[in-house]
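# Chain and residue survey
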Amino acid sequence: MAGRRQELRSPKARSWTRDESDDPGRSLRARADRECPLHGGTSERARARGHDVRVITSHPHYPEWRVKEGYGGWSVSDEVDGVRVQRLAHYVPARPSSGRRLLSELSLGIRFLTARWHRPDVVLLVSPNLITSALAALRARRSRGLATGIWIQDLYSLGITETGQGGRSAATALKALESRTLRSATGVVVIHDRFRSFVTETLGVPAGCVEVIRNWSHVDPPMEVDRAAVRNRRGWEPDVTVILHAGNMGAKQGLENVVEAARLADRQRAPVRFVLLGDGNQRARLQSLARNVTSIEFVAPLPDDDFRQTLGSADILLVNERAGMKEMSVPRKLTTYFSASLPVLAAADEASVTASEIDVSGGGTRVAAGDPQALLDAALSLRADPALARALAFATPHLDRMRRLTTLRSGCWFWPRTVTARARGRRSKSTEVVAQ
């Protein structure tokens, strides 16, 4: 996943508009530890607007937790779509337990501390990873006049509580670190209004320094999909309802629930097929649990076009969350799902962010998390009611288009310049973004 670090500092509240600090030609330094198209797209757009963009990142390794083929080396420089990218080696655990993930983030943070930053105006940090971001923010604070912005995708202190990983002392320590790191920034971007409430009310970040910019889909919907051909190629029978989950297979997804729903489908001879498309640190375990279950299939990550075609050939798109997940994250797959013109089925807690997103979209239905029979029953209900499925499918593309427009109007591409202005901006023509 790619990311960048950018420093934003100003206690004063004010709206952020595209007209502030609109000088082209700044240099941005970015830092990233994963390959994320959202953040990569931000660097490319910033460059197109006249910024000088530099990205400092790790070698791509997520969600497989192994460095991808063709990458490696202590420090490798490259250019991607006109953006200068420096990739740094760090510790990537083959089996990422909580302790090993902490060491991984620390090792990347140390690489960022010792890397050459040149003379940036802006450092943009993306969390996750929090530990790496905190170390980079510490370095940025030592550079007077350097603006730092932090882009929050997941909330660590909530995550450790909701996933049940770590005890109370670990949660308290992470909450203190997260609060200190975010309060040190010139500005913070979060991806949901409920994130903003937590960041301001619980972590103590001044409300005027926090902006909500929603994620957008990085995958364009397929213009035309030959569903029959794709399904035939994948071995999906025409009369079987395909329920597809795309993305990471980690702890917070709780995909054991899907395996058990597929097991129930076998027993009940239900005409459905669950497909888990992607990778993650729980994939091997899930495959072991699914041994001898015929109503489930695992598909490795696909190239973009194959992914779009496969997604568009399913019947239902699935979001599954571990029971107890409420506030820590917004599933990024929803932005892609909402552009696919298919009904969305969510297995999530009633009070979760995911549940509220499904309600707002009007494009899906929800069942309780951790209830495999309810999940199977909901899939069969959509299969039995094509009119309802079509109505749900019709709703979400309009929401996706609206959010894309809102994201552009909210100033996503102009945020680095605004951050620099808020920091009482140097009038220098260089803006550096450091992505994590």
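Residues numbered from 1 in each chain as written. Predicted model: local features only at pLDDT ≥ 70, side-chain atom pairs only at ≥ 80, totals over all residues. Heavy atoms only, no water.

### Some remarks on the overall build of the chain
So the rule is basically this: Per the convention used, a helix needs a DSSP run of H or I reaching at least four residues, while a strand needs a run of E reaching at least two, with both numbered from the N terminus. Relative accessible area decides the class of each residue, using a 1.4 Å probe on protein chains only: under 20% of the type maximum gives buried, over 50% gives exposed, and in between gives partly exposed. Two residues form a contact once any of their heavy atoms are found within 4.5 Å. Here, Shrake-Rupley sampling with a 1.4 Å probe gives the accessible areas, and only protein chains in the shown set may cover a residue.
The helix and strand tally for the chain stands at 15 helices and 15 strands. Looking at the 436 residues of the chain, the share that counts as buried comes to 58%. Contacts in the chain between residues far apart in sequence, at least 24 positions, make up 78% of those at least 6 positions apart. Accessible surface for the chain amounts to roughly 18,400 Å². Of this, 50% is attributable to carbon and sulfur atoms.

### Description of the packing of aromatic side chains
Note the following rule: Each Phe, Tyr or Trp ring (for Trp, its six-membered ring) is paired with any other whose centre lies within 6.5 Å, and the angle between the two planes then decides the class: stacked below 30 degrees, edge-to-face above 60, tilted in between. The criterion is that NZ of a Lys, or CZ of an Arg, lies within 6 Å of the ring centre and within 35 degrees of the ring normal, and then a charge sits over that ring.
For the structure shown, the criterion picks out 1 aromatic pair. The ring of Trp74 carries Arg111 above its face, with NZ or CZ at 3.7 Å from the centroid.

### Side note on empty space enclosed by the protein
A water-sized probe rolled over the atoms picks out the places where empty space is left. The criterion, for reference: Using a grid of 1 Å spacing that covers the protein atoms alone, one calls a set of points a cavity when a 1.4 Å probe fits there but cannot get out, and a pocket when the set is open and has protein on both sides within 12 Å along at least five of seven lines; lining residues are those with an atom within 4 Å of a point. Grid points are joined across faces, edges and corners, and a volume is the space filled by probe spheres set on the points. Residues are grouped as follows: Ala, Val, Leu, Ile, Met, Phe, Trp, Tyr, Cys and Pro are nonpolar; Asp, Glu, Lys and Arg are charged; all remaining types, including Gly, are polar.
Tallying each qualifying case throughout the model produces 5 cavities of 30 Å³ or more. Looking at the largest cavity, its volume works out to about 100 Å³. Taken together, 10 residues line the largest cavity, and the ones lying closest to its centre are Arg214, Asn215, Val330, Thr335 and Glu357. For the lining of the largest cavity, the per-class residue count stands at 4 nonpolar, 2 polar and 4 charged.

### What to know about the packing of helix α2 (residues 98-114) against helix α3 (residues 130-141)
Basically, it comes down to this: Every axis in this analysis is a line fitted to C-alpha atoms, fitted for helices over the stretch in contact. Angles between the N-to-C directions lie between 0 and 180 degrees. Convention used here: angles under 35 degrees read as roughly parallel, angles over 145 as roughly antiparallel, angles from 65 to 115 as roughly perpendicular, and any remaining angle as oblique. Should the near helix be turned counterclockwise from the far one by less than a right angle, the crossing is left-handed, whereas a clockwise turn marks it as right-handed.
One way to put it is that α2 packs onto α3 with a least axis distance of 7 Å and a crossing angle of 25 degrees. Considering their axes alone, α2 and α3 lie roughly parallel with respect to each other. Between α2 and α3 lies a crossing of right-handed hand. Taken together, the residues of α3 that come into contact with α2 (itself represented by Leu102, Glu105, Leu106, Leu108, Gly109, Ile110, Phe112, Leu113 and Thr114) are Leu130, Ile131, Thr132, Leu135 and Arg139. Each residue belonging to the contact of α2 with α3 can be placed in one class, and the counts come to 9 nonpolar, 3 polar and 2 charged.

### Structural notes on the confidence of the model for the chain
Atomic detail in the predicted coordinates should be set aside for any region of low pLDDT. What counts here: In predicted models, pLDDT denotes the confidence assigned by the predictor to each residue on a 0 to 100 scale.
Averaged over every residue, the pLDDT of the chain is 78; the share at 70 or more is 75%. In this model residues 425-436 is a low-confidence stretch, pLDDT under 50, and it forms 87 contacts with partners more than four residues away in sequence or in other chains.

### As for the pairing of strand β10 (residues 241-246)
The condition that has to hold: Here, a strand pair is defined by DSSP locating no fewer than two bridges between the strands. Note on handedness: a clockwise path from strand one over the helix to strand two, with the strands aimed away from the viewer, defines a right-handed crossover.
Judged by how many residues are buried, β10 sits mostly within the fold: 6 of 6 residues are covered. Judged by which residues are buried, β10 turns out to be covered on both faces: Thr241, Ile243 and His245 on one side and Val242, Leu244 and Ala246 on the other are all buried. As paired elements, β10 and strand β11 (residues 272-277) share 6 bridges and run parallel to each other. Bridging across to β11, Ile243 finds its partner in Phe274. In the classification by handedness, the crossover that spans β10, the intervening helix α8 (residues 256-268) and the parallel β11 is right-handed. Inspection of the sheet shows β10 paired to strand β13 (residues 316-320) by 2 bridges, in the parallel sense. Bridging across to β13, Leu244 finds its partner in Leu317.

### Focus on the packing of α8 against helix α13 (residues 372-384)
Put simply, α8 and α13 touch, their axes get as near as 8 Å, and they point 65 degrees apart. Our pair here, α8 against α13, has a crossing hand that is right-handed. Counting all contacts with α8, which are made through Asn257, Val258, Glu260, Ala261, Leu264, Ala265 and Gln268, the residues of α13 involved are Pro372, Gln373, Leu375 and Leu376. Looking at the contact of α8 with α13, its residues break down into 7 nonpolar, 3 polar and 1 charged.

### Details of the pattern of salt bridges
The test is simple: Definition used for salt bridges: Asp or Glu carboxyl oxygen within 4 Å of a side-chain nitrogen of Lys or Arg.
Under the criterion given, the structure shown has 8 salt bridges. The partner of Asp154 in a salt bridge is Lys252, and the shortest N-O contact between them spans 3.0 Å. Of this pair, Asp154 sits in the loop between β7 (147-152) and α4 (156-162) while Lys252 sits in the loop between β10 and α8, placing them 98 residues apart in sequence. Each member of the pair, Asp154 as well as Lys252, is classed as buried. Of the charged contacts in the structure, one is a salt bridge between Arg227 and Asp315, with a shortest N-O distance of 3.0 Å.

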